[in-house]
Amino acid sequence: QVQLVESGGGLVQPGGSLRLSCAASGIIFSIYTMAWYRQPPGKQRELVATVTSLGRINYVDSVKGRFTISRDNAKNTVYLQMNSLKPEDTAVYYCNAHNTFRSPSDYWGQGTQVTVSS
């Protein structure tokens, strides 16, 4: 059984930091592209950051310079370090594992709430 379990969300003041973690089980973690998505209230889910199996990293423009995605294949875990948080970062953050050559090609975590407010 595949599980992606996110943790680390919470309430933080503007300018603060949070570190999200996503622990995977039931998959060969090292061959999956791992990603963080978020869904703000009343809006569609959007891609935030990705790290491929080879370590290639991409970010959405709105988080560049503030967020850092990383993976630890030994721990089957992907992280999202979020600094200089803004109210517009408020969303439910989801972990995703993707491999085009597997079926199913995508797995999702249950989501963790991040609220940035004073």
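Up top is the structure these notes are about.
Bear in mind the structure is a predicted one, so any value in this text is a computation, not a measurement.

I tried to follow the nonpolar core on my own but got confused; where do I start?
The tendency in soluble globular proteins is for nonpolar side chains to be buried side by side. M34, W36, V78, L80, M82 and Y93 are the most contacted members of the largest nonpolar core, which has 28 residues in total. Where this core is concerned, the elements lending two or more residues are strand 3 (18-25), strand 4 (33-39), strand 5 (46-51), strand 7 (67-72), strand 8 (77-82), strand 9 (91-98) and strand 11 (112-116). Ignoring any residue separated from it by four or fewer positions in sequence, one finds Y93 in contact with E6, L20, W36, Y37, R38, V48, F67, L80, M82, G111, T112 and V114.

Help me understand the sheet that holds strand 1 (residues 3-7), please; the structure alone is not making it clear to me.
Note on sheets: strands pair through backbone hydrogen bonds, and any given pair is parallel or antiparallel. As summarised here, the arrangement of the four strands in space is 1-3-8-7, forming an open sheet in which the pairing is antiparallel. Two strands in the sheet have a free side with no partner beyond their single neighbour: strand 1 and strand 7. Strand-to-strand twist in this sheet, taken as the mean axis angle between neighbours without regard to direction, amounts to 15 degrees. For strand 7 and strand 8, the ladder comprises six bridges, and the chain directions are antiparallel. In the strand pairing of strand 8, D72 is matched with T77.

Honestly, the packing of aromatic side chains in this entry has me stumped. Any pointers?
Aromatic ring pairs: the centre-centre distance and the angle between the two ring planes describe each pair. Enumeration over the complete set of coordinates arrives at two aromatic pairs. Ring plane angle 55 degrees and centroid distance 6.4 Å describe the contact between Y32 and Y107, whose orientation is recorded as tilted. In this pair, Y32 is assigned in the loop between strand 3 and strand 4 and Y107 in strand 10 (residues 106-108), connecting sequence segments 75 residues apart. We note that Y32, like Y107, is buried. The ring of Y94 has R45 lying over it, and the distance from NZ or CZ to the ring centre is 3.8 Å. Between the NZ or CZ atom of R71 and the centre of the ring of F29, over which it lies, the distance is 4.7 Å.

Mind showing me how you'd approach the pairing of strand 11 here?
Consecutive side chains of a regular strand alternate in pointing toward one face of the sheet and then the other. Here strand 11 shows a clear split, with T112, V114 and V116 buried on one side and none of Q113 and T115 buried on the other. Bridge count between strand 2 (residues 10-12) and strand 11: three bridges; the pairing is parallel. Bridging from a neighbouring strand, V12 pairs with V116 of strand 11. Where strand 9 and strand 11 come together, three bridges link them in antiparallel fashion. Counterpart to V92 in the pairing with strand 11 is Q113.

So, how was this worked out
Residues numbered from 1 in each chain as written. Predicted model: local features only at pLDDT ≥ 70, side-chain atom pairs only at ≥ 80, totals over all residues. Heavy atoms only, no water. Core = buried A, V, L, I, M, F, W, Y, C linked by side-chain atoms within 4.5 Å. Buried < 20%, exposed > 50% of the residue type's maximum accessible area, 1.4 Å probe, protein only. Helix = DSSP H or I, 4+ residues; strand = E, 2+ residues; numbered from the N terminus. Contact = heavy atoms within 4.5 Å. Pairing = 2+ DSSP bridges. Axes fitted to C-alpha atoms, helices over the stretch in contact; angles between N-to-C directions. Phe/Tyr/Trp six-rings, centres within 6.5 Å; stacked < 30°, edge-to-face > 60°. Lys NZ or Arg CZ within 6 Å of the ring centre and 35° of its normal.

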